[in-house]
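Structural overview for review
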Amino acid sequence: MLIDEEAGGGQLTVTRVVVPAGGEMREHDHGESQVLLVPLTGEVVLTGAGQHEIISLGTVALLERGERVGLTNQTSEPCIVVMVFTPGADRAEPIFEKSSRQRVGEAAAGLAWVPAGPVDQLDDDAAVHRDLDGHPVCLARSNGIVYALLDECSHGQVELSEGDVADGHVECWLHGSRFALTTGLPTGPPATQAVPVYPVRITGTGIEVALPVTPQSGPRG
């Protein structure tokens, strides 16, 4: 359930936003309103407090009051997003349940944040390999945003971190397969299978990647 039906009073405001291909909505907050983002087409990267996550058709994002976020469309097609605003400061209790979305930077169940090194050691349009709690991870940076994905090409089974990074994509050095850093989906042949991607956040101590918890790694913060 996304709406608390027992919380009466107030009025919801609905706005339709089109984020053009390659466009962005700069980071800002929505004041005293909660905001529910519902993508109708395409996908956008939701950024805030140094973290990012992808929302697309079939997912929703709940922004709490005062939470600063931005939207970036790194695809070649426009993305249509419906934004549902709750009443403002005159309402004490929330309308939308927090359980409808992990807050930006919060690890989902079964995942744990693992330190991956300082941000300043990762150049823009570059990638590095990291072995994090037994997971081979490709850390890549493009247009100032840090991404993490499994460091293995789904076609050639070689490390993607040895390939080239540009315009939100990484290219495998062996056969030239290209993958979108936001989704892991192949955008250039010969690969046809996606590569798993992992949530990333930037903290005061550097990059952290949310990875599946294993018996060897145990739970983290």
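What counts as what
Residues numbered from 1 in each chain as written. Predicted model: local features only at pLDDT ≥ 70, side-chain atom pairs only at ≥ 80, totals over all residues. Heavy atoms only, no water. Helix = DSSP H or I, 4+ residues; strand = E, 2+ residues; numbered from the N terminus. Buried < 20%, exposed > 50% of the residue type's maximum accessible area, 1.4 Å probe, protein only. Polar contact = N/O pair within 3.5 Å; in protein donor to acceptor, adjacent residues only side chain to side chain. Core = buried A, V, L, I, M, F, W, Y, C linked by side-chain atoms within 4.5 Å. Pairing = 2+ DSSP bridges. pLDDT = per-residue confidence, 0-100. Contact = heavy atoms within 4.5 Å. Axes fitted to C-alpha atoms, helices over the stretch in contact; angles between N-to-C directions.

**Points about the side chain of Glu64**
Residue position: Glu64 is located in the loop between β6 (61-63) and β7 (69-72). The exposure class of Glu64 is buried, given its relative accessible area of 14%. In this structure the side chain of Glu64 is engaged in a polar contact, spanning 3.2 Å, whose partner is the side chain of Gln34.

**Structural notes on the nonpolar core**
Counting residues in hydrophobic clusters, the biggest one holds 16 residues, and the most contacted among them are Leu149, Cys153, Leu160, Val165, Val170, Phe179 and Leu181. Looking at this core, the elements that each hand over two or more residues are β11 (135-142) and β12 (145-150). The element contributing the most residues to this core is β12, with three residues. Counting residues in each nonpolar core, the second largest holds 15 residues, with Ile55, Ala61, Leu63 and Leu71 among its members.

**Thoughts on the pairing of β7**
Of the two faces of β7, both are covered, the one formed by Val69 and Leu71 as well as the one formed by Gly70 and Thr72. Note that strand β2 (residues 24-28) and β7 share three bridges and pair antiparallel. Bridged to His28 within β7 is Val69. Examined bridge by bridge, strand β4 (residues 43-48) and β7 share three bridges and lie antiparallel to one another. When the sheet's bridge partners are listed, Leu46 is paired in β7 with Leu71.

**A look at the confidence of the model for the protein chain**
Of all residues in the protein chain, 80% attain a pLDDT of 70 or more, and the chain-wide mean is 79. The weakest mean pLDDT in the protein chain belongs to strand β5 (residues 51-56) at 73; the strongest belongs to strand β10 (residues 126-132) at 97. In the model, residues 1-9 has pLDDT below 50 throughout and makes 18 contacts with residues more than four positions away in sequence or in other chains.

**Focus on the environment of Pro186**
Position of Pro186 relative to the elements: it lies in strand β16 (residues 186-188). As a C-alpha pair, Pro186 and Glu171 span 15 residues in sequence and 9.6 Å in three-dimensional space.

**Some thoughts on the sheet that holds strand β14 (residues 169-171)**
Backbone-to-backbone hydrogen bonds join strands into a sheet, with any given pair of strands oriented parallel or antiparallel. Judged by pairing direction, the sheet is antiparallel, and its four strands sit side by side in the order β13-β14-β15-β16 without closing on themselves. The open sheet has two edge strands with one neighbour each: β13 (164-166) and β16. Averaged over all pairs of adjacent strands, the angle between their axes in this sheet comes to 30°, without regard to strand direction. Bridge analysis of strand β15 (residues 178-180) against β16 gives two bridges, and the strand direction is antiparallel. The partner of Phe179 across the bridge, within β16, is Pro186.

**Brief notes about the sheet that holds strand β1 (residues 13-19)**
Reading across from one edge, β1-β8-β3-β6 is the order of the four strands in this open sheet, with antiparallel pairing throughout. Because the sheet does not close on itself, it has two edges, and the strands there are β1 and β6. In this sheet, neighbouring strand axes are inclined to one another by 25° on average, regardless of whether the strands run parallel or antiparallel. Judged from the seven bridges that link them, β1 and strand β8 (residues 79-85) form a sheet pairing that is antiparallel. From the neighbouring strand, Val18 faces β8, where its bridge partner is Ile80.

**A closer look at unusual backbone geometry**
What you tend to see is this: most non-glycine residues have negative phi, and most peptide bonds are trans. The peptide bond linking Pro189 to Pro190 adopts the cis configuration, its omega dihedral lying at 10°. Mapped onto the elements, Pro190 comes out in the loop between β16 and β17 (197-198). Its identity is not glycine, yet Asp133 carries a phi of approximately 50°, on the positive side. Here Asp133 shows up in the loop between β10 and β11. The exposure class of Asp133 is partly exposed, given its relative accessible area of 28%. Unlike most non-glycine residues, Asp167 shows phi in positive territory, near 50°. By secondary structure assignment, the location of Asp167 is in the loop between β13 and β14. The class of Asp167 is exposed, set by a relative accessible area of 60%.

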